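# Coordinates in review
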Amino acid sequence: IESAATSTEEIGNPVYPPAQRKLAEHGINCAGKTARQLRKKDCAQYDLLIGMDQANLRNMHRICGDSRKIHLLLEFAGRPDDEVADPWYTGDFEATWQDVLAGCQGLLNCLQKGGD
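In this report, the structure presented in the accompanying data block is examined. Predicted model, so just to flag it, every value in this text is computed and none were measured.

### Points about helix 5 (residues 93-112)
Relative to the 28 Å expected for 20 residues at 1.5 Å per residue, helix 5 spans 28 Å between its end C-alpha atoms, a close match to the ideal helical length. If you check which residues of helix 5 are buried, you get Phe93, Thr96, Trp97, Asp99, Gly103, Gly106 and Leu107. Looking at the buried residues of helix 5, the elements they touch are helix 1 (17-25), strand 1 (49-51) and helix 4 (87-90). With a side-chain oxygen positioned 3.3 Å from the backbone nitrogen of Glu94, the residue opening helix 5 is Asp92. Directly after helix 5, the chain includes Gly114, whose backbone phi takes a positive value near 90°.

Here is the structure:
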């Protein structure tokens, strides 16, 4: 599992402090993590490429081309038209946590069943 940005605004920056605090509430340490750019070679290296919103998907397709590996996270939560709430704009890190948790649980269930 790897994380990569689809835009360039935050490249090299650490995880946003309010996001760090939310992750720490759940025992997740992101010390030393910095943003990096998604690269075309990532498309070949990874089995799935998962974006949080439609802007991510557009950028992912621009970088990687048309790939069946690209999905919205909330597809895996049975919400194929929904986007993860963006706390940069809403300030609501709990809503984002709940969206990401639902998507990741759905993804894990899908992988355990052998699907993508």
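### Observations regarding the pattern of salt bridges
Per the stated rule, a full pass over the model turns up seven salt bridges. Between Lys22 and Glu94 there is a salt bridge, with the nearest N and O atoms lying 2.6 Å from each other. With Lys22 in helix 1 and Glu94 in helix 5, this residue pair connects regions lying 72 residues apart in the sequence. When its relative accessible area of 12% is taken as the criterion, Lys22 is described as buried. Overall, the relative accessible area of 33% leaves Glu94 in the partly exposed class.

### Quick look at the nonpolar core
In summary, soluble globular proteins display a tendency toward joint burial of nonpolar side chains. The biggest cluster of nonpolar side chains holds nine residues, and these are Leu38, Cys43, Leu49, Leu57, Met60, Ile63, Cys64, Ile70 and Leu72. Among the elements that line this core, the one with the most residues is helix 3 (residues 54-64), at four residues. Those residues in contact with Ile63, other than ones at most four positions away along the chain, are Thr6, Gln37, Leu38, Arg39 and Lys40.

### Here's the deal with the state of the cysteines
Under the criterion given, the structure shown has one disulfide. Put simply, Cys43 and Cys64 are joined by a disulfide, and their sulfur atoms are 1.8 Å apart. Between Cys43 and Cys64, the disulfide has an S-S torsion of -65° and is therefore left-handed. Of this pair, Cys43 sits in helix 2 (residues 40-45) while Cys64 sits in helix 3, and the two are 21 residues apart along the sequence.

### Points about helix 3
Within helix 3, burial applies to Asn56, Leu57, Met60, Ile63 and Cys64. The buried residues of helix 3 occupy one face: seen down the axis, they fall within an arc of 130°. Opposite the packed face of helix 3, turned more than 90 degrees from it, sit the exposed residues Arg58 and Arg62. Check the buried side of helix 3 and you find it contacts helix 2, strand 1 and strand 2 (70-72). Between a side-chain oxygen at the N-terminus of helix 3 and the backbone nitrogen of Ala55 the separation is 3.1 Å; the capping residue is Asp53. Gly65 lies just past helix 3 and shows a positive phi near 85°.

Procedures and definitions
Residues numbered from 1 in each chain as written. Predicted model: local features only at pLDDT ≥ 70, side-chain atom pairs only at ≥ 80, totals over all residues. Heavy atoms only, no water. Helix = DSSP H or I, 4+ residues; strand = E, 2+ residues; numbered from the N terminus. Expected span 1.5 Å × (residues − 1). Buried < 20%, exposed > 50% of the residue type's maximum accessible area, 1.4 Å probe, protein only. Contact = heavy atoms within 4.5 Å. Polar contact = N/O pair within 3.5 Å; in protein donor to acceptor, adjacent residues only side chain to side chain. Salt bridge = Lys/Arg side-chain N within 4 Å of Asp/Glu carboxyl O. Core = buried A, V, L, I, M, F, W, Y, C linked by side-chain atoms within 4.5 Å. Disulfide = S-S within 2.5 Å. Arc of directions from axis to C-beta.

Structural measurements only, silent on function.
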